[in-house]
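What follows is the residue order along each chain.
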Amino acid sequence: MLDVKFIAENTEEVKRQLANRSGSYDVDIVKELYAKRRELLVETENRKAMRNRVTDEIAVIKRNKGDATELIAKMKALGEEIKQFDAQLAEIEPALKEAVLSIPNLPHESTPVGKDESCNVEVRRWGNPRTADFELKPHWDIGANLKILDAPTAAKIAGARFTVYKGLGARLERAIINLMLDTHTQRGYTEVMPPYMVNRDSMYGTGQLPKFEEDAFSVKNNGYFLIPTAEVPVTNMHRGDILDASSLPIKYCAYTACFRAEAGSAGRDTRGLIRQHQFNKVELVKFVRPEESLAELEALTFDAEIILQKLGLAYRVVSLCTGDIGFSSGKTYDIEVWLPSYNRYVEISSCSNFFDYQARRMNIKYRGENGTAFVHTLNGSGLAVGRTTAAILETYQNADGSVTVPQALIPYMGTDIIR
RNA sequence: GGAGAAAUACCCAAGUGGCUCAAGGGGCUCCCCUGCUAAGGGAGUAGACUGGAUAAAACUGGUGCGAGGGUUCAAAUCCCUCUUUCUCCGCCA
């Protein structure tokens, strides 16, 4: 979340910066509630100060066996007043909190201005899209023919938007996960295996709640949520912490399954591995000093790109515009892999710098030279595994229906061809 | 799932309603003494958050004993709910 005080004191500036985002946000209500809260706070705190003083006087009188009846009666009345002011505060504070939480991050000045994805700016390309002198098949057909991807069986045991991986298909998915984790840990990330379920506080911390509850699966027994991304458990590991400045930057990588309800995606990407209720992802998460976060975003994006380069998959990097970046993000690069079946680049990673937005929400600070300050948090997929599998199957397919295993995966696969 | 115990600051820990705006110790920081080590003496050590005041400070309130409520003039202390940890029982990969 943004700093309440900052919003209250720079309301017009905040409005101006949010104007380039999609959606509309009530900034004035924050200013109003903040002023109201401060008024009440002064009233109630003055009374509490009085109470503290007189209570001490009563204690002294009692100790000397004196009579404090009159003072106690007075304090009783004061107590009632305090209760009333506290009650008013108890109404305003949640309202103020909600109002602030519903305001998204301010786009960074380097984020291109635009109203939707058509205004995103391509930053660079790597590799060449696959071409062939035969007709390239979509990965769902390749997978079905090779009997390594089985959607009908998944539909039987679960439902739509699930896949059973079999044989070398399962092994391919696992090989990709291992390549990613090995690569990232060699480059300084600490591997983390977190819970796949989290509590409400964690979902609030990273911004999935309160606004996007219908996108997540919740668990009936205990009110937990299935994680939509490892970002949630991993970033929340340090919720409420004050980190030692010397420990920064902290860099984590985590493989987890991810669960998304995909509400509002009916009819889109219904075939294949592109949009599933459950999918695998390796996530990168960083906690860094504020002055380093922009450079760390570039580094993080490159760390994700390396996987695609190792796999020889053509991709491009896109800087999302103000209308397309996520709610909590101030700056985001999407990495898009070339997918022959879609005949375009498809998102395979989203690397974001949240600046202090998540840190303020989660109260993650570091102790530096000038006292404490909020850290900056970043994350990005490194990468979405299912989509990587899809891209490999399509990019490395042969005319006879077999799939050549990319060089980097051969040690993990134990074979150089899937047939 | 059942029964019991616990949660106090960086760590250990005292504290059953008002002389605790939390004792004492360890550790840490600084100073003195001694002097390449060790030992001794002294001072500091509740942070974080949030108000008021100010040009900015100095200054001055509030909150704070796992979390949230409640009782009371007054709560670390009494009551309720929750979380976590430990012990025992049950179940279990």
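The structure reproduced in this document is the subject of the present report. (Residues numbered from 1 in each chain as written. Chains lettered and ligands numbered in written order. Predicted model: local features only at pLDDT ≥ 70, side-chain atom pairs only at ≥ 80, totals over all residues.)

Ranked by size, the top nonpolar core spans 89 residues in total, and within it V30, V100, V337 and L383 carry the most contacts. Both domains that meet at this core, namely domain 1 (4–101) and domain 2 (117–418), each give it at least three residues. Once you skip the residues sitting within four places of it in the chain, L383 turns out to touch M180, V282, A304, I307, I348, S349 and T388. (Core = buried A, V, L, I, M, F, W, Y, C linked by C-beta atoms within 7 Å. Buried ≥ 20, exposed ≤ 12 C-beta atoms within 10 Å, placed from the backbone. Domains from an automatic or database assignment. Contact = placed C-beta atoms within 7 Å.)

Attention now goes to the environment of D356. In this fold, D356 is placed in the loop between β12 (344–353) and α11 (357–362). D356 sits 17 residues away from A373 along the chain, and the two C-alpha atoms are 9.3 Å apart. Residue contacts for D356: discarding those within four places in its chain leaves P290, F374 and H376. (Helix = DSSP H or I, 4+ residues; strand = E, 2+ residues; numbered from the N terminus.)

In this section: the pairing of β12. Counting buried positions along β12 yields 7 of 10 residues, so the element is predominantly enclosed. By the bridge criterion, 9 bridges tie strand β11 (residues 331–339) to β12 in an arrangement that is antiparallel. Within the sheet, the bridge partner assigned to Y333 lies in β12 and is C351. As judged from the 2 bridges shared by β12 and strand β15 (residues 376–384), these two strands associate in the antiparallel manner. Each residue of the ladder has a partner; that of N353, found in β15, is L378. (Pairing = 2+ DSSP bridges.)

As a structural note, the neighbourhood of RNA strand B is formed by 20 residues, with A49, N52, A59, M75 and K76 the closest of them. Put simply, the parts of the chain that give the surface near RNA strand B at least two residues each are α3 (28–63), α4 (69–101) and β14 (371–374). Of the residues forming the surface near RNA strand B, the biggest block, 13 residues, is contributed by α3. Its residues assigned to classes, the surface near RNA strand B shows 7 nonpolar, 5 polar and 8 charged. (Near = placed C-beta within 6 Å. Nonpolar A, V, L, I, M, F, W, Y, C, P; charged D, E, K, R; others polar.)

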